[in-house]
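Coordinate analysis (summary)
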Amino acid sequence: MNQMLRQSLTDSDIRRRTQIFSILDEICEDLDLTETQFERARQSYGAVGDWLSGSADPLLVSILVYLQGSSALGTAVKPIGRREFDVDLICFCAGVASGISPAVLKEAVGNRLKEHATYARLLEEKKRCWRLNYAGDFHLDLSPTIANPFCANRGELVPDRTLQEWHPTNPRAYKALFDERAALLPTFVRKHVAMQRDEATVEPFPVRETAKGILRRIVQLLKRHRDVFYENNTDDVAPISVIITTLAMQAYAYCVRRHVFEDEMDVLVETIRMMPHFIKRPILDGRQGYAILNETTHGENFADNWNKDERRAPTFYTWHKQALSDFEALRDAVGQDRLSLNMVRSFGSGVTGRVLGNRVDAVSDGRKSGLLSVAPLIGLTTSKAAASTAVPANTFFGDQ
Amino acid sequence: MRGRGGKQDLTLSQQLLFLRASPIVGGAGTVRENRLTWHTSVQPTPLARSYQADVVYSLGKTPTVQISEPDLELLAQGRPLPHVYTNPLRLCLHLPGIEDWDAAKRIDQTIIPWTYTWLFYFEDWLATDDWKGGGRHPGEEPEDPGNRALRRAMARF
């Protein structure tokens, strides 16, 4: 078993790593769409769907508008340097036959949107889709699709970049597969990880059961790490989100089904470590190419661009190596300052400052209100804990 | 002598017994030649380092706390440490001369918890350069200028 080779963790390590995972969970929550944003996006795309369905255009008679991508999967992260989230929508035109040109269908959707005064104002044409800009909040990207008659898995076809051809895709089945894998629960070495978590709940920041499950958090953390890693890179070669998501969900399912883990941080690091093993190297056009296949339909290779731009694959491996070493360093950080430096490097100073600052504020507030105490094994806490000692008021002083 | 309000100076042996009995204080210590010494490790939170602290106390003086491991100045990488006395390096846990500490108070209920908060803010300071634990340095105006005890205390430094 894999864990036999590893040094066993002390109870203090487990408590530390449980807290670190909890902090990473808070990072994700900070970077996620808020409930309000999500609700506003949901209302907006519902209204867009109703509007499109009301069209007299025969191409748009049987339309289904649904969420795809990170907001559908629960893996959204706030982009660096702008306020709007990308919310990706599919506009599935179920009644359209595959003989139609992608450009014609896209135009039909655009024309219908332009008939609506508000949408006409918010509308922006992108290469493959229409964007509705809700300034300061999010933008909705609407990609038209049609049914894929050759996909046994009820897949769809989406325009390619040039609007010349249809490409296979299957967002609904992809989401179902992702959700199924995200629902897999890891097995932990010791039952007392749960016990440690009970103890940990009395800390200033109670350790929360991650509401989203570990896989979604892994994807969010990796995407944020990617955004920070490429923040000042203008080459546009950063690994795309669907590649990170696909490799992470495959690696997570593989690890969770085979391994027994020390704790959540172990799941996180081992999943990241396994990701490159799911990149296939088929012979394409006479040379060894790259394939990261959509498992839910035939013919969608998320790594298509790696075979067209030779910088992309090495760029992925460079980023992945850095990410693995950064997450190992986060897992192993002792001292809040060390953790903080590692977090700044991986996720940026803004979100790190907010999340760790909240924890310091909780201690300071507890100190002011007289609710702060020291508990055995745990240290400072604002919760009632057995055998704890209150921290009385004091004023730090000093020569310097 | 038992004063009004039931407060009485504690002897070194009483302090030692309280330290031994406290569920939050590990380590060991002695009373020898009118001097209490106590060695313990302090880990402010599960994320923090475990610090080796030495408490020394003689009646009529205030208890001192020194951190033997790890080296605080090394961790600070050349930055002057906030809220310490120097030569030797000791943590400044309370204002001298006001009510924070007096000999009727228990070390396990004051000095030890303050060491936890000091080290907690210290690690945050290491990362942010911002001491969020409040407090005062000599020469700074006290928050309440009407507090004469405080002003007297400040004047001594």
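Located above this text is the structure these notes cover.
Not measured: the values here are computed from a predicted model.

The rules behind these values
Residues numbered from 1 in each chain as written. Chains lettered and ligands numbered in written order. Predicted model: local features only at pLDDT ≥ 70, side-chain atom pairs only at ≥ 80, totals over all residues. Heavy atoms only, no water. 1 Å grid on protein atoms, 1.4 Å probe; cavity = no way out; pocket = protein on both sides within 12 Å on 5 of 7 lines; lining within 4 Å. Points joined across faces, edges and corners; volume = space filled by probe spheres on them. Nonpolar A, V, L, I, M, F, W, Y, C, P; charged D, E, K, R; others polar. Helix = DSSP H or I, 4+ residues; strand = E, 2+ residues; numbered from the N terminus. Contact = heavy atoms within 4.5 Å. Phe/Tyr/Trp six-rings, centres within 6.5 Å; stacked < 30°, edge-to-face > 60°. Buried < 20%, exposed > 50% of the residue type's maximum accessible area, 1.4 Å probe, protein only. Lys NZ or Arg CZ within 6 Å of the ring centre and 35° of its normal. Pairing = 2+ DSSP bridges. Axes fitted to C-alpha atoms, helices over the stretch in contact; angles between N-to-C directions. Polar contact = N/O pair within 3.5 Å; in protein donor to acceptor, adjacent residues only side chain to side chain. Buried area = accessible area lost by both parts, 1.4 Å probe. Salt bridge = Lys/Arg side-chain N within 4 Å of Asp/Glu carboxyl O.

**Section: empty space enclosed by the protein**
Residues and elements named next belong to chain A. According to the stated counting rule, one finds two cavities of 30 Å³ or more in the structure shown. Its volume calculated, the second largest cavity comes out at about 40 Å³. As for the second largest cavity, its lining consists of Val237, Ala238, Pro239, Ile240, Ile243, Phe302, Asn305, Trp306 and Arg312. Classifying every residue of the lining of the second largest cavity by side-chain character gives seven nonpolar, one polar and one charged.

**A look at the environment of Val56(B)**
All names here are of chain B. Here Val56 is to be found in strand S3 (residues 51-57). Each C-alpha atom of the pair Val56 and Thr30 lies 9.9 Å from the other, and the pair is 26 residues apart in sequence. Ignoring anything within four residues of it in the chain, the contact list for Val56 reads Arg35, Leu36, Thr37, Thr62, Pro63 and Thr64.

**What to know about the packing of aromatic side chains**
To describe a pair of aromatic rings, one takes the distance between the centres and the angle between the planes. Applying the stated rule across the entire model yields 18 aromatic pairs over all chains. For the pair Trp118(B) and Trp131(B), a centre-to-centre distance of 5.7 Å together with 55 degrees between the ring planes defines the contact as tilted. With a gap of 13 residues between them, Trp118(B) in helix H3 (residues 111-128) and Trp131(B) in the loop between H3 and helix H4 (148-155) connect regions that are remote in the sequence. Given a relative accessible area of 14%, Trp131(B) falls into the buried group. Grouped by ring-pair contacts, the aromatic residues Phe396(A), Tyr51(B), Trp118(B), Phe120(B), Tyr121(B), Phe122(B), Trp125(B) and Trp131(B) constitute a single cluster. Its end group placed over the ring of Tyr290(A), Arg281(A) keeps NZ or CZ at 3.8 Å from the ring centre.

**A word on the sheet that holds strand S4 (residues 64-69) of chain B**
All names here are of chain B. Pairing is antiparallel in the open sheet, where four strands are placed in the order S1-S2-S3-S4. Looking along the sheet, the strands with just one partner apiece sit at the ends: strand S1 (28-32) and S4. Adjacent strand axes in the sheet meet at a mean angle of 20 degrees, parallel and antiparallel pairs treated alike. Summarising the sheet, strand S2 (residues 35-42) and S3 pair through seven bridges and their orientation is antiparallel. Considered in S3, the bridge of Leu36 is made with Tyr57. The strands touched by helix H1 (residues 12-21) within the sheet are S1, S2 and S3, with S2 carrying the most contacts at an inclination of about 15 degrees.

**Things to note about the environment of Asn133(A)**
Residues and elements named next belong to chain A. Position of Asn133 among the secondary structure elements: in strand S4 (residues 130-134). Residues Asn133 and Arg121, 12 residues apart in the sequence, show an inter-C-alpha distance of 8.8 Å. Setting aside residues up to four positions removed in sequence, Asn133 forms contacts with Leu122, Glu124, Phe138 and His139. One polar contact links Asn133 to Glu124, side chain to side chain, over a distance of 2.7 Å.

**Describing the interface of chain B and chain A**
Counting from both sides, the interface comprises 47 residues of chain B and, opposite them, 40 residues of chain A. Across the chain B/chain A interface, buried area totals approximately 3,700 Å², and carbon plus sulfur atoms make up 63% of it. Among the residues of chain B in contact with chain A, Pro46(B), Leu47(B) and Phe120(B) are the three that bury the most area, contributing 21% of the side total. Along the contact surface separating chain B from chain A lie one salt bridge. Arg49(B) is the salt-bridge partner of Asp337(A), the closest N and O atoms lying 2.8 Å from each other. Counting residues per element, the ones that place at least two in the side of chain B that touches chain A are strand S5 (84-85) and H3 of chain B. With 11 residues, the single largest contributor to the side of chain B that touches chain A is H3(B). Looking at the side of chain B that touches chain A residue by residue, the classes come out as 27 nonpolar, 13 polar and seven charged.

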